[in-house]
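Chain by chain, the residues run as shown.
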Amino acid sequence: MSAEKAPVTRKSSAKPARSRAREFALQALYQHLVGGQDPESIDQFTRGLSGFHKADSVHYDALLHGCIKEAAELDALIVPLLDRKLQEISPIERAVMWIGAYELRHVAEVPWRVVLNECIELAKDFGGTDGHKYVNAVLNGIAPQLRAAEVEADRASGKARA
């Protein structure tokens, strides 16, 4: 008689603090994109949300304020890889792509494949049905531009597709 294992799911209480920071940053960036609110009001509101104390607040700050400050530069990285106009991209997917592009640019201690995986999970959890595939394709196009040596090393070693 074999004992079947229950599927392993990552409970929200077990999520790493940086993953939580990305989730809160995504919600805050969504408010910025949809509501046009200023970063300070969004930040104040987001910090009051349940569970924020478990997030890496330094990483959250970097993502929220960095993405808004560099929005034009992040969009410039994203737009050439789109198959439609930027305005036609869901605000969730756009915010996830901002987070990914920002981390690829500025958070070198997080491996590029981890950035992609985290962003794909965000898009799966918060975005449309196949939005994660779109996010994956765009960030896979940005990664070699921003992390050329790291991406090439992974491809040469077989850790990533060529």
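Residues numbered from 1 in each chain as written. Predicted model: local features only at pLDDT ≥ 70, side-chain atom pairs only at ≥ 80, totals over all residues. Heavy atoms only, no water.

> Describe the pattern of salt bridges, listing the residues and the values that go with them.
Scanning the model with the defined rule gives 15 salt bridges in all. Where Glu 118 meets Arg 22, a salt bridge forms, and the shortest distance between an N and an O atom there is 3.2 Å. One end of the pair, Glu 118, is in helix H6 (residues 112–126); the other, Arg 22, is in helix H1 (residues 17–35), and 96 residues separate them in sequence. Exposure class is identical for Glu 118 and Arg 22. Each is buried. (Salt bridge = Lys/Arg side-chain N within 4 Å of Asp/Glu carboxyl O. Helix = DSSP H or I, 4+ residues; strand = E, 2+ residues; numbered from the N terminus. Buried < 20%, exposed > 50% of the residue type's maximum accessible area, 1.4 Å probe, protein only.)

> Pulling in residues and values, what's your account of the environment of Asp 154?
Among the secondary structure elements, Asp 154 is positioned in helix H8 (residues 148–157). Residues Asp 154 and Leu 29, 125 residues apart in the sequence, show an inter-C-alpha distance of 31 Å. At 2.8 Å, the side chain of Asp 154 and the side chain of Arg 113 are in polar contact. (Polar contact = N/O pair within 3.5 Å; in protein donor to acceptor, adjacent residues only side chain to side chain.)

> Residue-level account of the nonpolar core, with values.
Leu 29, Tyr 60, Ile 99 and Ile 142 are the most contacted members of the largest nonpolar core, which totals 45 residues. Mapped onto this core, the elements with two or more residues apiece are H1, helix H3 (57–69), helix H4 (71–78), helix H5 (91–106), H6 and helix H7 (131–146). Counting residues per element, this core draws most heavily on H5, which supplies 9 residues. If we ignore the near neighbours within four places in the chain, the residues touching Ile 142 are Leu 77, Ile 78, Leu 81, Ala 101 and Leu 104. (Core = buried A, V, L, I, M, F, W, Y, C linked by side-chain atoms within 4.5 Å. Contact = heavy atoms within 4.5 Å.)

> I'd like a description of the confidence of the model for the protein chain, backed by residues and values.
Of the residues in the protein chain, 90% reach a pLDDT of 70 or more, and the chain-wide mean stands at 89. Low confidence marks residues 1–12, where pLDDT is under 50. Its contacts with residues over four positions away, or in another chain, come to 4 contacts. (pLDDT = per-residue confidence, 0-100.)

> Lay out H7 in plain terms, naming residues and giving numbers.
What sets the pattern is the α-helix's 3.6 residues per turn: residues three or four places apart point alike. Helix length check: H7, at 16 residues, gives a terminal C-alpha distance of 22 Å against a target of 22 Å (1.5 Å per residue), a fit within 8%. All of the buried residues in H7 are Gly 131, His 132, Tyr 134, Val 135, Val 138, Leu 139, Ile 142 and Ala 143. (Expected span 1.5 Å × (residues − 1).)

> Before we move on, can you summarise H3 with the specific residues and values?
Here H3 is 13 residues long and its end C-alpha atoms lie 18 Å apart, about the 18 Å a rise of 1.5 Å per residue gives. Looking at the packing, one finds that the buried side of H3 touches H1, helix H2 (39–47), H4 and H5. N-capping of H3 is provided by Asp 56, with a side-chain oxygen placed 3.1 Å from the backbone N of Val 58.

> Tell me about the packing of aromatic side chains, residues and numbers included.
Within this structure, the stated rule accounts for 2 aromatic pairs. When the ring of Phe 52 is compared with that of Tyr 60, the centres are 5.0 Å apart and the planes differ by 85°; the resulting orientation is edge-to-face. With respect to class, Phe 52 is no different from Tyr 60; both count as buried. Counting every residue linked through ring pairs, the aromatic cluster contains Phe 24, Phe 52 and Tyr 60. Its end group placed over the ring of Tyr 134, Arg 84 keeps NZ or CZ at 4.4 Å from the ring centre. (Phe/Tyr/Trp six-rings, centres within 6.5 Å; stacked < 30°, edge-to-face > 60°. Lys NZ or Arg CZ within 6 Å of the ring centre and 35° of its normal.)

> Can you lay out the packing of H5 against H7 for me, pointing to particular residues and giving the numbers?
Direction vectors running N to C along H5 and H7 enclose 25°, while the axes themselves pass 10 Å from each other. Between H5 and H7, the angle falls in the class roughly parallel. Here H5 runs over H7; the crossing is right-handed. For the pair formed by H5 and H7, the contact residues are Glu 93, Val 96, Met 97, Gly 100, Ala 101, Leu 104 and Arg 105 on the first element and Gly 131, Tyr 134, Val 135, Val 138, Leu 139, Ile 142, Ala 143 and Leu 146 on the second. Taken together, the residues that form the contact of H5 with H7 break down as 11 nonpolar, 2 polar and 2 charged. (Axes fitted to C-alpha atoms, helices over the stretch in contact; angles between N-to-C directions. Parallel < 35°, antiparallel > 145°, perpendicular 65-115°, else oblique. Left-handed = near helix turned anticlockwise from the far one by under 90°. Nonpolar A, V, L, I, M, F, W, Y, C, P; charged D, E, K, R; others polar.)

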